[in-house]
Amino acid sequence: MSDIIEINDLHFAFAGTTFRLQVDELRVSLGETVAFIGSSGSGKTTLLHLLAGIRTPESGSVTVVGRDVSGLATASSRDHRVCNIGLVFQEFELLEHLSVLDNILLPYRISAALKLTREIVDRAQQLAESVDINDKLGRYPGRLSQGERQRVAVCRALLTEPPLVLADEPTGNLDPGNKWKVVDALIDDAKRRQSTLVTVTHDHELLDRFDRVIDFSSFHASSQTAEVAT
Ligand SMILES: Nc1ncnc2c1ncn2[C@@H]1O[C@H](COP(=O)(O)OP(=O)(O)OP(=O)(O)O)[C@@H](O)[C@H]1O
């Protein structure tokens, strides 16, 4: 199976802090589902952002869907991200002035590389149905619960059918019923399309569903250096 994520000798630090993230090597295959676990502050979100090309490493290479994403953010790297990576952010990042349906359709509104068609709108509605928010498509995010907002973010990430989905605690705000609906939606989508899913989670009940679990805590070299080995 080909690798969709390849990291080599990655070093990252936030300016003015003592936190350090070091990943000597990480490879994730197309079709694989992976959970990142580990204590709060161990660098899970930071690594997702490095994979998405939102943050830039001090050194090392990060290749995602065949492209080095460790350079500076440009319009073309944004198009690469919108077309190839479905992102579920920890804070959801919904646009308050857009309805739920338009938030789900957002990738098609911001990238000239994607064409919005009737089929895409139908798919948005099916995704919304799979996580039980299809009756909220006309609402604005300000009138949604946290769990509903989270599910909108999941639908948006899956809409483009990207080869890679990066999800940051996608079930963090959900009751047990909706938690399993969202996990099923993410994993079933990955298995059906043979795409890759990388999920950050604190919920150990979910881990059996993933092909691989990467524990950041066990690679905590010192209190301030998160060194991830795989
Ligand atoms: N923008 C930032 N500027 C400076 N330091 C940051 C910033 N974002 C995160 N950090 C610090 O970097 C470290 C790693 O943060 P990160 O969010 O990656 O951890 P995490 O493992 O995802 O945590 P959690 O499980 O609580 O979400 C933490 O010490 C955090 O305080």
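Residues numbered from 1 in each chain as written. Predicted model: local features only at pLDDT ≥ 70, side-chain atom pairs only at ≥ 80, totals over all residues.

Going by what an unreviewed UniProt entry lists, the chain is known as Putative ABC transporter ATP-binding protein and is assigned to Novipirellula herctigrandis.

Participant: Lay out the site of the ligand with the relevant residues and their values.
Facilitator: Surrounding the ligand, one finds F14, T17, F19, G38, S40, G41, S42, G43, K44, T45 and T46. Across the shell around the ligand, the residue classes tally to two nonpolar, eight polar and one charged. (Near = placed C-beta within 6 Å. Nonpolar A, V, L, I, M, F, W, Y, C, P; charged D, E, K, R; others polar.)

Participant: Residue-level account of the nonpolar core, with values.
Facilitator: With 56 residues, the main nonpolar core has L51, I104, V154, C155, V165 and L166 as its most contacted residues. Broken down by element, the residue count for this core peaks at seven residues, all from helix α6 (residues 146–159). In this structure, V154 is in contact with V88, V131, P170, V182, A185 and L186, ignoring residues within four places of it in sequence. (Core = buried A, V, L, I, M, F, W, Y, C linked by C-beta atoms within 7 Å. Buried ≥ 20, exposed ≤ 12 C-beta atoms within 10 Å, placed from the backbone. Helix = DSSP H or I, 4+ residues; strand = E, 2+ residues; numbered from the N terminus. Contact = placed C-beta atoms within 7 Å.)

Participant: Could you give an account of the sheet that holds strand β8 (residues 196–200), naming the residues involved and the relevant values?
Facilitator: Sheet strands associate in pairs through backbone hydrogen bonding, adopting either a parallel or an antiparallel arrangement. Reading across from one edge, β6-β7-β8-β3-β9 is the order of the five strands in this open sheet, with parallel pairing throughout. Two strands bound the open sheet, and with one partner strand each, they are β6 (85–88) and β9 (212–215). Between one strand and the next, the sheet's axes are offset by a mean angle of 15°, whatever the strand orientation. Across five bridges, strand β7 (residues 164–168) lies against β8 in parallel orientation. For D168, the partnering residue across the bridge sits in β8 and is V200. Strands β3 (33–37), β6, β7 and β8 of the sheet are contacted by helix α1 (residues 44–52), whose axis makes an angle of about 150° with β7. In the packing of helix α7 (residues 176–193) onto the sheet, contacts are made with β3, β7 and β8, and the angle to β8 comes to roughly 155°. (Pairing = 2+ DSSP bridges. Axes fitted to C-alpha atoms, helices over the stretch in contact; angles between N-to-C directions.)

Participant: Residue-level account of α6, with values.
Facilitator: Compared with the 20 Å implied by 1.5 Å per residue over 14 residues, the 20 Å span of α6 between its first and last C-alpha is a close match. For α6, a buried count of eleven out of 14 residues is recorded, marking the element as mostly surrounded by other parts of the structure. Along α6, the residues that are buried comprise E148, Q150, R151, V152, A153, V154, C155, R156, A157, L158 and L159. Following α6 by one or two positions, E161 adopts a phi angle in the positive range, close to 50°. (Expected span 1.5 Å × (residues − 1).)

Participant: Give a description of the packing of helix α5 (residues 118–130) against α6 that names residues and reports values.
Facilitator: The relative placement of two packed helices comes down to the angle between their axes together with the axis-to-axis distance. Their axes nearest at 9 Å, the elements α5 and α6 cross at an angle of 140°. Here α5 lies oblique to α6, going by the angle between them. For the pair α5 and α6, the crossing hand works out as right-handed. Where α5 approaches α6, its residues R123, A124, L127 and A128 are matched on the opposing element by C155, L158 and L159. Here the residues of the contact of α5 with α6 sort into six nonpolar, no polar and one charged. (Parallel < 35°, antiparallel > 145°, perpendicular 65-115°, else oblique. Left-handed = near helix turned anticlockwise from the far one by under 90°.)

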